[in-house]
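# What the coordinates show
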Amino acid sequence: MEDAGERVFDWIESPAENCQFVVTPNVDHTVILSENEHLRAAYEEAGMVLADGHPVVLASRLLRKPLPERVPGSDLVPRLFDESGTRGPITVFLLGAAEGVAERAAERIHGDWENVQVVGTYSPPIGFENDIAEESRILSLIDETSPDLLVVGLGAPKQELWTHRHFRS
């Protein structure tokens, strides 16, 4: 967890052309990976792959390629927010979830972490990934706010595929 947080902050402090993304596979994701070549491509280009579930960590040990620990995204993001107190302020855009969820999360973030500023939220409509105009709108919203960190909560594998398709945009 500590190394993952350090690496993300290194990316935040780096030039924009060093844009990276993180994926956090669990057992379900590994099954999808075996069948979905686009998801495999996303994982291959990810800047960091972190084990979300204990079974993934256990399997890594059985395969003699041990991972040090479980690092779910749901723990990593608050850890980054905590570290912003010593590392410096960060800006965040929250993409995904049902209508109103991101706004409530932003309120909580602002209440709990004074060095984290949520600069944008958006809950895209169902099927947005097949709508070029909607995808352009989302990319514009993100671009306009220029966040240090984009937190994507669209569910797997949609979030990995969408992020992979656009992370250089």
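The structure under discussion appears in the preceding block.
Computed from a predicted structure; not experimentally measured.

Calculation notes
Residues numbered from 1 in each chain as written. Predicted model: local features only at pLDDT ≥ 70, side-chain atom pairs only at ≥ 80, totals over all residues. Heavy atoms only, no water. Helix = DSSP H or I, 4+ residues; strand = E, 2+ residues; numbered from the N terminus. Rg over C-alpha atoms; globule rule 2.2 N^0.38 Å. Buried < 20%, exposed > 50% of the residue type's maximum accessible area, 1.4 Å probe, protein only. Contact = heavy atoms within 4.5 Å. Lys, Arg positive; Asp, Glu negative; His and termini not counted. Charge placed at Lys NZ, Arg CZ, Asp CG, Glu CD. 1 Å grid on protein atoms, 1.4 Å probe; cavity = no way out; pocket = protein on both sides within 12 Å on 5 of 7 lines; lining within 4 Å. Points joined across faces, edges and corners; volume = space filled by probe spheres on them. Nonpolar A, V, L, I, M, F, W, Y, C, P; charged D, E, K, R; others polar. Axes fitted to C-alpha atoms, helices over the stretch in contact; angles between N-to-C directions. Parallel < 35°, antiparallel > 145°, perpendicular 65-115°, else oblique. Left-handed = near helix turned anticlockwise from the far one by under 90°. Pairing = 2+ DSSP bridges. Right-handed = clockwise from strand over helix to strand, strands pointing away. Phe/Tyr/Trp six-rings, centres within 6.5 Å; stacked < 30°, edge-to-face > 60°.

### Points about the overall build of the chain
- Secondary structure summary: the chain contains 8 helices and 5 strands in total.
- When the helices and strands of the chain are read in sequence order from the N terminus, they spell out α-β-α-α-β-α-α-β-α-β-α-β-α.
- Compactness check: the chain gives a C-alpha radius of gyration of 16 Å against a globular reference of 15 Å for 169 residues, within 12% of the reference.
- Considering the chain as a whole, with its 169 residues, one finds that 40% of them fall into the buried category.
- Across the chain, the fraction of contacts at a sequence separation of at least 24, relative to all contacts at a separation of at least 6, is 67%.
- If the 14 positive side-chain charges of the chain are averaged to one point and the 29 negative ones to another, these points end up 7 Å apart.

### Description of the layout of surface pockets
- Roughly 260 Å³ of volume is contained in the second largest pocket.
- As for the second largest pocket, its lining consists of 13 residues, of which Asp3, Ala4, Leu50, Pro68 and Val71 are closest to the centre.
- Looking at the lining of the second largest pocket, the elements with two or more residues in it are α1 (2–12) and β2 (48–49).
- The leading source of residues in the lining of the second largest pocket is α1, at 4 residues.
- Considered class by class, the residues forming the lining of the second largest pocket number 9 nonpolar, no polar and 4 charged.

### With respect to the packing of helix α2 (residues 27–35) against helix α3 (residues 37–45)
- Between α2 and α3, the shortest axis-to-axis distance is 6 Å and the interhelical angle comes to 115 degrees. Classed by the angle they form, the pair α2 and α3 counts as roughly perpendicular. Pair α2 / α3 crosses with left-handed handedness. In this structure, α2 uses His29, Ile32, Leu33, Ser34 and Glu35 to contact α3, whose residues at the interface are Glu37, Leu39, Arg40 and Tyr43.

### Digging into the pairing of strand β4 (residues 116–122)
- As defined by bridge partners, strand β3 (residues 90–96) adjoins β4 across 6 bridges and the pair is classed as parallel. Following the sheet pairing, Leu94 is matched in β4 by Thr121.
- Handedness of the β-α-β unit built from β3, helix α6 (residues 101–112) and β4 comes out right-handed.

### Side note on the packing of aromatic side chains
- One pass over the structure, following the stated rule, counts 3 aromatic pairs.
- Between the aromatic rings of Phe81 and Trp113, the centroid separation amounts to 5.1 Å while the plane-to-plane angle is 65 degrees, which identifies the pairing as edge-to-face. With a gap of 32 residues between them, Phe81 in helix α5 (residues 73–87) and Trp113 in the loop between α6 and β4 connect regions that are remote in the sequence. This pair shows no difference in class: Phe81 is buried, exactly as Trp113 is.

### Some thoughts on the environment of Val56
- By the element assignment, Val56 lies in helix α4 (residues 54–62).
- On a C-alpha basis, the gap between Val56 and Leu67 in space is 8.6 Å, while along the polypeptide they are 11 residues apart.
- Apart from residues lying up to four places away in sequence, Val56 is in contact with Pro25, Asn26, Val27, Ala51 and Leu67.

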